[in-house]
Amino acid sequence: MSILITVWGCTQAVPDKPSENSSEVTTETQQKFASPEEVTSALEARWSLDDIKTYCIPERRYNPMCQNLVTDVGVTWEGALHENVPTGFDSISWYGTAVEGRLHEYSLGVSRGENYWLLEIGNVNSFDRQPRVAPDPSGPCFIGSAPAENQGSGNSDSDGFVSPVKRD
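A quick note: this is a predicted structure, and the numbers were derived from the prediction, not measured.

On to the pattern of salt bridges. Per the stated rule, a full pass over the model turns up one salt bridge. For the salt bridge of Glu120 with Arg46, the shortest nitrogen-to-oxygen distance reads 2.9 Å. Here the residue Glu120 occupies a position in strand S4 (residues 115-123), and Arg46 occupies one in helix H2 (residues 36-46), the gap between them amounting to 74 residues. Pair check on accessibility: Glu120 and Arg46 agree, each one buried.

What follows deals with the state of the cysteines. Enumeration over the complete set of coordinates arrives at one disulfide. With its sulfur 2.1 Å from that of its partner, Cys66 forms a disulfide with Cys141. Here Cys66 and Cys141 share a disulfide; its torsion about the S-S bond, -100°, makes the bridge left-handed. Of the two residues, Cys66 sits in the loop between helix H3 (49-55) and strand S1 (75-80) while Cys141 sits in the segment after S4, which places them 75 residues apart along the sequence. Given a relative accessible area of 15%, Cys66 falls into the buried group.

The subject of this paragraph is the packing of aromatic side chains. Evaluation of the coordinates by the stated rule reveals six aromatic pairs. Plain terms: the ring middles of Tyr106 and Phe127 are 5.6 Å apart, the flat faces sit at 45° to each other, and that makes the pair tilted. Taken together, the positions of Tyr106 in strand S3 (residues 102-112) and Phe127 in the segment after S4 put the pair 21 residues apart, joining distant regions of the chain. Each member of the pair Tyr106 and Phe127 is classed as buried. Here the aromatic cluster, defined as three or more aromatic residues joined through ring pairs, consists of Phe33, Tyr106 and Phe127. The positively charged end of Arg46 is found above the aromatic ring belonging to Phe127, 5.5 Å away from the centroid. Here the basic side chain of Arg60 rests over the ring of Tyr55, its NZ or CZ set 5.7 Å away from the ring centre.

In this section: the environment of Cys56. Note that Cys56 resides in the loop between H3 and S1. For the pair formed by Cys56 and Tyr116, sequence separation is 60 residues and the distance between their alpha carbons is 8.6 Å. Ignoring sequence-local partners within four residues, the contact set of Cys56 consists of Phe89, Val110, Trp117 and Leu119.

We now examine the sheet that holds S4. One open sheet holds the four strands; their spatial order is S1-S2-S3-S4, and the pairing between them is antiparallel. Lying at the two open borders of the sheet, with one neighbouring strand each, are S1 and S4. In this sheet, neighbouring strand axes are inclined to one another by 20° on average, regardless of whether the strands run parallel or antiparallel. When strand S2 (residues 91-99) meets S3, the two strands line up antiparallel, connected through nine bridges. Bridging across to S3, Val99 finds its partner in Arg102. On the sheet, H2 packs against S1, S2, S3 and S4 and is oriented at approximately 45° with respect to S1.

Rules of the game
Residues numbered from 1 in each chain as written. Predicted model: local features only at pLDDT ≥ 70, side-chain atom pairs only at ≥ 80, totals over all residues. Heavy atoms only, no water. Salt bridge = Lys/Arg side-chain N within 4 Å of Asp/Glu carboxyl O. Helix = DSSP H or I, 4+ residues; strand = E, 2+ residues; numbered from the N terminus. Buried < 20%, exposed > 50% of the residue type's maximum accessible area, 1.4 Å probe, protein only. Disulfide = S-S within 2.5 Å. Phe/Tyr/Trp six-rings, centres within 6.5 Å; stacked < 30°, edge-to-face > 60°. Lys NZ or Arg CZ within 6 Å of the ring centre and 35° of its normal. Contact = heavy atoms within 4.5 Å. Pairing = 2+ DSSP bridges. Axes fitted to C-alpha atoms, helices over the stretch in contact; angles between N-to-C directions.

Following this line, the structure appears as structure tokens:
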């Protein structure tokens, strides 16, 4: 073994003896958000105002026939992003659940007038990936994919946006 280490410059994967600090070493890198303020700060870093504006086009408005997050476990937390900045939106806010004092899952949305965009539903693992800033608007939970009968001129809002799917 020592010849291979010398030749290839490798080191053993497991030391012969555990170090005295081995119980302190952890492989867990997952973020633990312990307050709504921490979640708000992380979401502001994750979603810049430019990214939010890129996402919030008429075709990506949220289809109300799709399910949003249901807060049925733990404690409900909430917060607002970019509060002290003129955004052009009525609100950029999130709500979610905390279990044992840590974020469990969240839903982030944007509203302006009668319009709503669901940016994402996620959990602590979502912060390990980049957000989907410009997803295909033909997805099933976007108004852009609403049936033709719900996109006619008689269903237009005054701002030119397509009306959401009508419920009976």
